[in-house]
Structure formats: C-alpha cells, structure tokens
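Remarks on the overall topology
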Amino acid sequence: ALPIWVLLGLFFLLTGLVKVTTYISDGVHQQMKQQFVQFAEVFPLKDLGYKPDAAEYMQAVGWIEVVAGFLLAVGPRVLQEISNFVLCVIMIGAIYTLLILNEPLAMCAPATVCLGLLLLLNIRGMGRKAKSKSE
C-alpha cells in the first residue's frame, strides 16, 4: 500500500494538472475557469487593492498544486514538509473563498478533508521518524 503522503501528493498533482491543462478533462477545466472568475472576486487581498486575473489565478494555484503535490509525493523530507505547509495555505484559502461565496458546506468538504489530512501528516511527521544523532 502506498503511504498516505504519496497518495495525497498525487491527488494534488492531478487537481493541479486539471487547472493548468485541458488534456485530463476539458469539461472540468472549463468549469474551473468559470469558478475562478468568482474566486478572483473574493480574493483575500482584494481589500488591499489586489485583484488577480481569474485565468492567471487558476494557473498559479494549479502550478503550485502540481509542484507541491509532486514534492509531497516523492520529494526529500524537507521539501515534503514545505509542500505540506504550502498546500495547507492553499486549502485554507479554498475554504475561505467557498465560505465567503456562501457555497453549501458540501462544497467545502473536499478542501476540508484535504486540509485535515495535510495537518494529520504534519502532526504525525509524515509517518517517518527523524534519525537521532546517536544513530
């Protein structure tokens, strides 16, 4: 069985690829493009005068998920930990955005579950113990 961090990393890699390319699913990609128009409207830094272009916002989130997902799955431990943190921030942003848009709680469930798994991995130390200096 694959460790949970590998599966979660591959999941983020896949969700990121859906955002950056139409090759996996053109229908889902087009749906995401429409959603990111709404997401850009409630971007957390909007009150500070920054509103991202929806297409660029989707590409940025997608590439972050691709790279962080890949590193979470197969990267060295330090990069896995950094990727975990980055993906937690992305998931918190996703939950915030969905709540501000008054989406049904069921829409928040995937991001909430992913955030929970990422935090669990962080707390559990990715299932591996660091070697002590005496080893």
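These remarks concern the structure in this document. Nothing here was measured: the structure is a model prediction, and the numbers come from that model.

Attention now moves to the overall build of the protein. When helices and strands are counted, the protein shows five helices and zero strands. Moving toward the C terminus, one meets the helices and strands of the protein in the order α-α-α-α-α. Dimensions of the protein, computed from C-alpha atoms along their principal axes, come out at roughly 55 × 35 × 30 Å. Within the protein, contacts between residues separated by at least 24 positions form 62% of all contacts whose residues are at least 6 apart in sequence. Summing over all exposed atoms, the protein offers an accessible surface of approximately 8400 Å²; the carbon and sulfur share of this is 68%. On the protein, the mean spot of the 10 positive side-chain charges and the mean spot of the 9 negative ones are 14 Å from each other.

The next point concerns the packing of helix α4 (residues 77-100) against helix α5 (residues 105-124). The geometry of α4 relative to α5 is characterised by a closest axis approach of 9 Å and an angle of 160° between their N-to-C directions. Judged by the angle between their axes, α4 and α5 are roughly antiparallel. Note that α4 runs across α5; the crossing there is left-handed. On the side of α4, the interface is formed by Asn 84, Leu 87, Cys 88, Met 91, Ile 92, Ala 94, Ile 95, Leu 98 and Leu 99, while α5 contributes Leu 105, Met 107, Cys 108, Ala 111, Thr 112, Cys 114, Leu 115, Leu 118, Leu 119, Leu 121 and Asn 122. Classifying every residue of the contact of α4 with α5 gives 17 nonpolar, three polar and no charged.

Definitions and cut-offs
- For every chain, the first residue of the written sequence is number 1, and numbering continues from 1 along that sequence.
- With pLDDT at 70 or above as the cut-off, local features in this predicted model cover only qualifying residues; side-chain atom pairs require 80 or more to be listed or tallied, and sums for whole chains, interfaces and linings still use all residues.
- To get the side-chain values, take all heavy atoms of the structure and skip hydrogens and water.
- Segments assigned H or I by DSSP are reported as helices when at least four residues long, segments assigned E as strands when at least two residues long, and all are numbered from the N terminus.
- Here a residue-residue contact requires only that any non-hydrogen atoms of the pair lie within 4.5 Å.
- Accessibility throughout is a Shrake-Rupley quantity obtained with a 1.4 Å probe, and a residue counts as covered only by protein chains that appear here.
- His residues and chain termini do not enter the charge count, which takes Lys and Arg as positive and Asp and Glu as negative.
- Lysine's charge is taken at NZ, arginine's at CZ, aspartate's at CG and glutamate's at CD.
- Whenever a helix is involved, its axis is fitted only over the stretch in contact; in every case the axis is a line through C-alpha atoms, and angles between N-to-C directions fall within 0 to 180 degrees.
- Under this scheme an angle from 65 to 115 degrees is roughly perpendicular, one under 35 degrees roughly parallel, and one over 145 degrees roughly antiparallel; angles in between are oblique.
- Should the near helix be turned anticlockwise from the far one by less than a right angle, the crossing is termed left-handed; should it be turned clockwise, right-handed.
- Classification used: nonpolar for Ala, Val, Leu, Ile, Met, Phe, Trp, Tyr, Cys and Pro, charged for Asp, Glu, Lys and Arg, polar for all others including Gly.

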